[in-house]
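Coordinates in review
As a plain string of letters, each chain reads:
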Amino acid sequence: MMLEPLHILVVDDDMDNAASLGELFEYEGHCVHVVHSGREAIDAYVNRSFDIAFMDVMMPEKNGVESFLEIRKLRPTARVFMMTGYSVEELLQQAVREGAMGVLEKPFDAAEVLRITRSVGPCGLVVAATSPHHSDIGGAIHATLNSAGWPCALVRDVNRLSQPIEQDQVLVLDAQMPLIDAVSTYKDAHRAGHRAATIVVPRTDMRTRVDSPALRDVGITGILNKPFDPLDLLTRLQQLAA
C-alpha cells in the first residue's frame, strides 16, 4: 500500500546527519525541508506547516528545547520530536528553568505523591511515570491531593487551560499527550500566571512496538534517543505524524 507523502522538517547543525536523514525520507517519497539551526526552524514554521519535524537538541545559539517551545507557541499542534543523546530527565531539566523537577515512580502511594509535590515547590514539575496497565493515574493523584487538603485542578483537555487556573492550585495534567508536549503546556500555564507545581501524566498508549530501544517510547515522550536506526524510524513515521 502506497503511503501518503509527508511534509517533514529536519533540524540539525550537523550537516552530514541532517542530509542523511533528509535523503532517507526523500527516498521514501516524502517532501523534506532541512535546516541547520533553531532560528531557521522557527522561521520555517512562520511561513509553512509540516506534518512532522525532527529536531536535534544540541545546537549553537538557540538549542532544540528553546526552539521547540517557540515553535509550539507559533503552531500549538505541531508534531515535533526531539533527537538527543541526553537522558529524558536531563532534557526536561533544560526546559524547566523556573523550578525543580521530580519523577513520581510507579508504583507510588499517597505519601510519595505529597512528598515529591512538596519537594519541587512552586513552579516545579513532577512527571508521573506510568504504564499502559495503570488506569486513571491523574484522577488518583488529584484525589490524593484533595484528601490532604491541597488545592488542585485536574485537567484532561488542554483547551480548558484557556480559562485561568488559580495560581495556588497544583495542576494535574492528564491530557494523553507525549511528555515533551506536556512540558510545553506546563510552560504555557506558567507564562499565563500559574505558579504552583504541575504534575504531568504522559500518554501511555502504544499502537505499535518496535525492537529498537531508542525508538520504543518516542510516541509517549516525544523524545527520540540517539543512537537510533533510521530504518526503524521509517516504520513509525506515519504513526508519529498522525
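Here the structure is a predicted model, which is why all the values come from computation and not from measurement.

1. Details of the pattern of salt bridges
Using the criterion set out here, one finds nine salt bridges in the structure. Among the ionic pairs, Glu70 bridges to Arg39, the shortest N-O distance being 3.9 Å. Note that Glu70 is positioned in helix H3 (residues 64–74) and Arg39 in helix H2 (residues 38–47), a separation of 31 residues in sequence. Judged by its relative accessible area of 25%, Glu70 is partly exposed. Each of the salt bridges in this network shares a partner with another, and the network as a whole consists of Arg39, Asp43, Lys62 and Glu70.

2. Side note on the confidence of the model for the protein chain
Mean pLDDT for the protein chain: 87, with 91% of residues reaching 70 or above. Note on residues 206–210: pLDDT is under 50 here. Beyond four places in sequence and across chains, it has 14 contacts.

3. A word on the packing of H2 against H3
Helix-helix packing: each pair is described by the crossing angle between the helix axes and the interaxial distance. Here H2 crosses H3 at 10°, and the two axes come no closer than 9 Å. Between H2 and H3, the angle is such that the two are roughly parallel. In this structure, H2 contributes Gly38, Arg39, Ala41, Ile42, Tyr45 and Val46 to the contact, and H3 contributes Ser67, Glu70, Ile71 and Leu74. A per-class count over the contact of H2 with H3 returns six nonpolar, two polar and two charged.

4. Details of the sheet that holds strand E1 (residues 7–11)
Sheet architecture is open: five strands sit in the order E2-E1-E3-E4-E10, paired in parallel fashion. Strands at the two margins of the open sheet, each flanked by one partner only, are strand E2 (31–35) and strand E10 (223–225). Pairwise comparison of adjacent strand axes, ignoring direction, gives a mean angle of 20° for this sheet. Relative to E10, strand E4 (residues 80–84) runs parallel, the two sharing three bridges. Across the sheet, Thr84 pairs through a bridge with Asn225, a residue of E10.

Conventions we followed
- Residues numbered from 1 in each chain as written.
- Predicted model: local features only at pLDDT ≥ 70, side-chain atom pairs only at ≥ 80, totals over all residues.
- Heavy atoms only, no water.
- Salt bridge = Lys/Arg side-chain N within 4 Å of Asp/Glu carboxyl O.
- Helix = DSSP H or I, 4+ residues; strand = E, 2+ residues; numbered from the N terminus.
- Buried < 20%, exposed > 50% of the residue type's maximum accessible area, 1.4 Å probe, protein only.
- pLDDT = per-residue confidence, 0-100.
- Contact = heavy atoms within 4.5 Å.
- Axes fitted to C-alpha atoms, helices over the stretch in contact; angles between N-to-C directions.
- Parallel < 35°, antiparallel > 145°, perpendicular 65-115°, else oblique.
- Nonpolar A, V, L, I, M, F, W, Y, C, P; charged D, E, K, R; others polar.
- Pairing = 2+ DSSP bridges.

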